[in-house]
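One letter stands for each residue in the lines below.
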Amino acid sequence: MKPVIAAICALAVLLPAPASAWGFYAHQKTAKIAEANVSPAARAEIRRLMRSEALIGTAECDLSTIEDASVWPDCIRRSFWRWGYTASWHYRTTPICEAYNPRANCSGGNCVTAQIERNHRILADESLPDHVRLQALAFMVHFAGDIHMPLHSGDKDDRGGNDRETDYGIVPGLNLHWIWDGPLAERAISDPADPVVRRYTAEERRNLVQPATIRGSLGPADWGRESWEISRDFIYPTAFDTDNVCETELPRETALTQEDIVRGVPIAKRRVQQAGLRIADLLETAFAPGPLPEPER
């Protein structure tokens, strides 16, 4: 009986939990990467803003560390009556079989790309009260993580994979979105021999933040494009064993083999690393003296 109970408990860990986009664990890792790669001055400013936590009025959702900030926007969604309007801020999906359009599906700025830019500008505005800037910091840190999870950008008429029941190896009955949100991302960043939370060299940061194949600085819309391309070129073809995902009616049920999972691990790991280092850059520019950053057009 004990082995059966243990197996059930192991499966339960992998089952979807409510309101935890990209998993608390992966979001917290992005925050810790960012914290390890910002200047001492930026870390001090983060700690100073955290002292205004009580003024935000979310006692049920801690906001006293940058790790708390990385999951706070998911935590507050439990209070739908107060925070339900933020639900659409966590994603901006583009169909993988249509051209990528960075301005679609974002009416009134209600999407993840616009909210990264909006909250970055609020955080940078020293004329605003500390608790307003702290709230913006939490949204910015979280949404910069969300946009790096590929299925917050790529979609094939299935709410970013939420409507595709998908087995994860021997674990049945998850969905494609949740697998990339949770167990796959967690596996990718849990190797003690190759920790993702550390101080990265300047060369590593260049290679992750600004790939050599891209000219010009990248912003949230570009990060979304990267995620959309991963969804189009890897996630859907791998999950459904076809290179013609746009010419085929995909089934609502599928499975990821162990080989599929192994191939996905380095992609998921790179996205977590990129998110953490780009969050670090957002924090540095928000706290830098000078004119307020202009939003992307």
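The structure we're discussing is the one just above.
Residues numbered from 1 in each chain as written. Predicted model: local features only at pLDDT ≥ 70, side-chain atom pairs only at ≥ 80, totals over all residues. Heavy atoms only, no water.

A. Spatial organisation of the overall build of the chain. When helices and strands are counted, the chain shows 12 helices and five strands. Looking at the chain residue by residue over its 297 residues, the buried ones come to 51%. Sequence-distant contacts in the chain: of pairs separated by 6 or more residues, those separated by 24 or more amount to 73%. Accessible area for the chain stands at about 14,100 Å²; split by element, carbon and sulfur atoms hold 55% of it. (Helix = DSSP H or I, 4+ residues; strand = E, 2+ residues; numbered from the N terminus. Buried < 20%, exposed > 50% of the residue type's maximum accessible area, 1.4 Å probe, protein only. Contact = heavy atoms within 4.5 Å. Areas by Shrake-Rupley, 256 points an atom, 1.4 Å probe, with all protein chains shown as cover.)

B. Summary view of helix H12 (residues 258-287). In this model, H12 (30 residues) spans 44 Å end to end at C-alpha, consistent with the 44 Å of a helix rising 1.5 Å per residue. If you look at H12, its biggest bend is around 30 degrees, right at Gly 264, and the proline Pro 266 turns up within four residues after that. (Expected span 1.5 Å × (residues − 1). Bend = angle between axes of the 7 residues up to and from the residue.)

C. Here's a closer look at the nonpolar core. Core analysis: the largest hydrophobic core is formed by 40 residues, its most contacted members being Trp 72, Ile 116, Leu 123, Leu 137, Leu 283 and Phe 287. Elements represented by at least two residues in this core include exactly helix H2 (24-36), helix H3 (40-50), helix H4 (66-75), helix H6 (112-124), helix H7 (130-146) and H12. Counting residues per element, this core draws most heavily on H7, at nine residues. With 36 residues, the next largest nonpolar core counts Met 149, Ala 188, Leu 256 and Ala 268 among its residues. (Core = buried A, V, L, I, M, F, W, Y, C linked by side-chain atoms within 4.5 Å.)

D. Looking closely at the packing of aromatic side chains. Going through the model one piece at a time under the given rule, you end up with 11 aromatic pairs. Ring geometry for Trp 72 versus Trp 83: centroids 5.4 Å apart, planes at 75 degrees, classification edge-to-face. Remark: Trp 83 occurs in helix H5 (residues 80-83) and Trp 72 occurs in helix H4; sequence separation between them is 11 residues. Trp 72 sits in the buried class, given a relative accessible area of 0%. Taken together, the ring pairs connect Trp 72, Trp 83, Tyr 85, Trp 89, Phe 139 and Phe 143 into an aromatic cluster. (Phe/Tyr/Trp six-rings, centres within 6.5 Å; stacked < 30°, edge-to-face > 60°.)

E. Up close: the packing of helix H10 (residues 202-209) against H12. At their nearest, the axes of H10 and H12 sit 9 Å apart, and the two run at 105 degrees to each other. Between H10 and H12, the interaxial angle falls into the category roughly perpendicular. Facing Arg 205, Asn 207, Leu 208 and Val 209 of H10, the residues of H12 in contact are Arg 270, Gln 273, Gln 274, Leu 277, Arg 278, Ala 280 and Asp 281. Residues of the contact of H10 with H12, tallied by class, amount to four nonpolar, three polar and four charged. (Axes fitted to C-alpha atoms, helices over the stretch in contact; angles between N-to-C directions. Parallel < 35°, antiparallel > 145°, perpendicular 65-115°, else oblique. Nonpolar A, V, L, I, M, F, W, Y, C, P; charged D, E, K, R; others polar.)

F. Spatial organisation of the packing of H2 against H4. Two elements in contact, H2 and H4, have axes whose closest approach is 8 Å; the angle formed by their N-to-C orientations is 140 degrees. When the axes of H2 and H4 are compared, the pair comes out oblique. Seen along the crossing, H2 lies across H4 with a hand that is right-handed. Across from Phe 24, His 27, Gln 28, Ala 31, Lys 32 and Glu 35 in H2, the residues of H4 making contact are Ile 66, Glu 67, Ser 70, Val 71 and Asp 74. Taken together, the residues of the contact of H2 with H4 break down into four nonpolar, three polar and four charged. (Left-handed = near helix turned anticlockwise from the far one by under 90°.)

G. Spatial organisation of the sheet that holds strand S3 (residues 165-168). With mixed pairing, the three strands of this open sheet are ordered in space as S4-S3-S5. Of all the strands in the sheet, the pair left with one neighbour each is strand S4 (171-175) and strand S5 (253-256). For this sheet the average axis-to-axis angle between neighbouring strands, irrespective of direction, equals 30 degrees. (Pairing = 2+ DSSP bridges.)

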